[in-house]
Amino acid sequence: MRRSVLLGGLGLSGAAYAGWAEPSMRLTVAAHRPILPEWRGRAPLRIVILSDIHAGEPVMPALRVAEIVRQANALDPDLTLVLGDLGSQARFVTRAVPLASFAGLLGRLRAPLGVHAVLGNHDWWDDPMANRLRPPATVAALGAVGIGVLRNGAVRLRDGSDGFWLAGLDSQLAFGRRGADDVGRTLAAITDDAPAILMAHEPDVFARATPRFALQVSGHTHGGQLRLAGWSPRVPSAFGNRYAYGLVREEGRSLVVSGGLGCSGLPVRFGVPPEITLVEVA
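Model, not experiment: these values are computed from the prediction. (Residues numbered from 1 in each chain as written. Predicted model: local features only at pLDDT ≥ 70, side-chain atom pairs only at ≥ 80, totals over all residues. Heavy atoms only, no water.)

Caption draft 1: Structural detail: the overall build of the protein chain. Counting secondary structure elements, the protein chain contains six helices and twelve strands. If you line up the protein chain on its principal axes, its C-alpha atoms span 70 × 40 × 40 Å. Across the protein chain, contacts joining residues at least 24 apart in sequence account for 73% of those joining residues at least 6 apart. When the accessible surface of the protein chain is totalled, it reaches about 12700 Å², and 58% of it is carbon and sulfur. One finds the centroid of the 29 positive side-chain charges in the protein chain at a distance of 5 Å from the centroid of its 24 negative side-chain charges. (Helix = DSSP H or I, 4+ residues; strand = E, 2+ residues; numbered from the N terminus. Contact = heavy atoms within 4.5 Å. Areas by Shrake-Rupley, 256 points an atom, 1.4 Å probe, with all protein chains shown as cover. Lys, Arg positive; Asp, Glu negative; His and termini not counted. Charge placed at Lys NZ, Arg CZ, Asp CG, Glu CD.)

Caption draft 2: Region of interest: the packing of aromatic side chains. The final tally for this structure, using the stated rule, is five aromatic pairs. An angle of 55° between the planes, with centres 5.2 Å apart, marks the rings of Trp39 and Phe164 as tilted. Of this pair, Trp39 sits in the loop between β1 (28-32) and β2 (45-50) while Phe164 sits in strand β7 (residues 164-169), and the two are 125 residues apart along the sequence. An aromatic cluster of at least three residues, connected via ring pairs, comprises Phe206, Phe239 and Tyr243. In this structure, Arg253 packs its charged tip against the face of Phe206, placed 4.2 Å from the ring centre. (Phe/Tyr/Trp six-rings, centres within 6.5 Å; stacked < 30°, edge-to-face > 60°. Lys NZ or Arg CZ within 6 Å of the ring centre and 35° of its normal.)

Caption draft 3: How the structure looks around the packing of helix α3 (residues 99-106) against helix α5 (residues 137-144). Two numbers describe how α3 lies on α5: the axes approach to 8 Å, and their chain directions differ by 45°. In terms of axis orientation, α3 runs oblique to α5. For the pair α3 and α5, the crossing hand works out as right-handed. Note on element contacts: α5 touches α3 through Ala137, Thr138, Ala141 and Leu142, opposite Leu99, Ala103 and Leu106. (Axes fitted to C-alpha atoms, helices over the stretch in contact; angles between N-to-C directions. Parallel < 35°, antiparallel > 145°, perpendicular 65-115°, else oblique. Left-handed = near helix turned anticlockwise from the far one by under 90°.)

Caption draft 4: Up close: the side chain of Asp52. Mapped onto the secondary structure, Asp52 falls in the loop between β2 and α2 (62-74). At 6.7 Å, Arg269 is the nearest oppositely charged side chain to Asp52, a buried residue that forms no salt bridge. Apart from the residues within four sequence positions on either side, Asp52 is in contact with Gly84, Asp85, His201, Gly219, His220, His222, Gly260, Leu261 and Gly262. (Buried < 20%, exposed > 50% of the residue type's maximum accessible area, 1.4 Å probe, protein only. Salt bridge = Lys/Arg side-chain N within 4 Å of Asp/Glu carboxyl O.)

Caption draft 5: Examining the nonpolar core more closely. Judged by nonpolar contacts, the single largest core of 32 residues is most densely connected at Leu50, Ile53, Phe102, Leu106, Leu109, Leu142 and Ile276. At the level of elements, β2, α2, α3, β4 (115-117), α5 and β12 (275-281) are the ones that each hand at least two residues to this core. The next biggest cluster of nonpolar side chains, apart from the first, holds 22 residues, and it includes Ile47, Leu79, Phe164 and Leu215. (Core = buried A, V, L, I, M, F, W, Y, C linked by side-chain atoms within 4.5 Å.)

Caption draft 6: Structural detail: the confidence of the model for the protein chain. Across the protein chain, pLDDT averages 94, with 95% of residues at or above 70. Counting interchain partners and residues more than four positions distant, the pLDDT-below-50 stretch residues 3-11 has zero contacts. (pLDDT = per-residue confidence, 0-100.)

Structure (structure tokens):
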């Protein structure tokens, strides 16, 4: 009897932690230091990444978003990247955060090299008016607060020998199995041989992307939301745990997959708490 009561108590405690404490109360900083031979001799770069915020009560109310922004700025980044999936229309959301209000909070982000974003699949899926001729309303909302959304394009940052390219790929799942991504168009926007960093919401393009990108940063997977001993039972990637979370190195290229901040599907996280991702390149 005592054993069953104890096990029942532990089960309830674990459920409460995974269903409320970890997704709603915890916030960590996950730091990665990829080695990029292409960067040798250039000024160091400190990147803060916010991904998969999925704003909406009760897990991600506006006050929590504001605190995430405050902590992101406190990390003193050179560059801040927002990797898509900003809002949420999941069944567990009791009250949405209006897009304009949410964008206003992100407009408080500060970095000398700017704040740049890409779209995620939910930015497309949650906007019933979005199509190939009309991008999601997220683009205009972020633009109104000074955050540019890169949709298969690139911008050059820093001058002279320290210059590099920041490229952004549109969602590979924008229309279900069909994406709005265009790697060729993205590469065409890069017009010299300076190193290039690719923002791509979904990590899977890393398996086929060109070596032109010294570093790719992605989100989408939430680290599986449930993660034990470096393994997740379900990862929204064709490659499973291969690109589930963290720093990946393949064929001389580096990928950083953020565990993200919010939830989708079920409002549960265990073993992969919400994170602000910090990438330091030197």
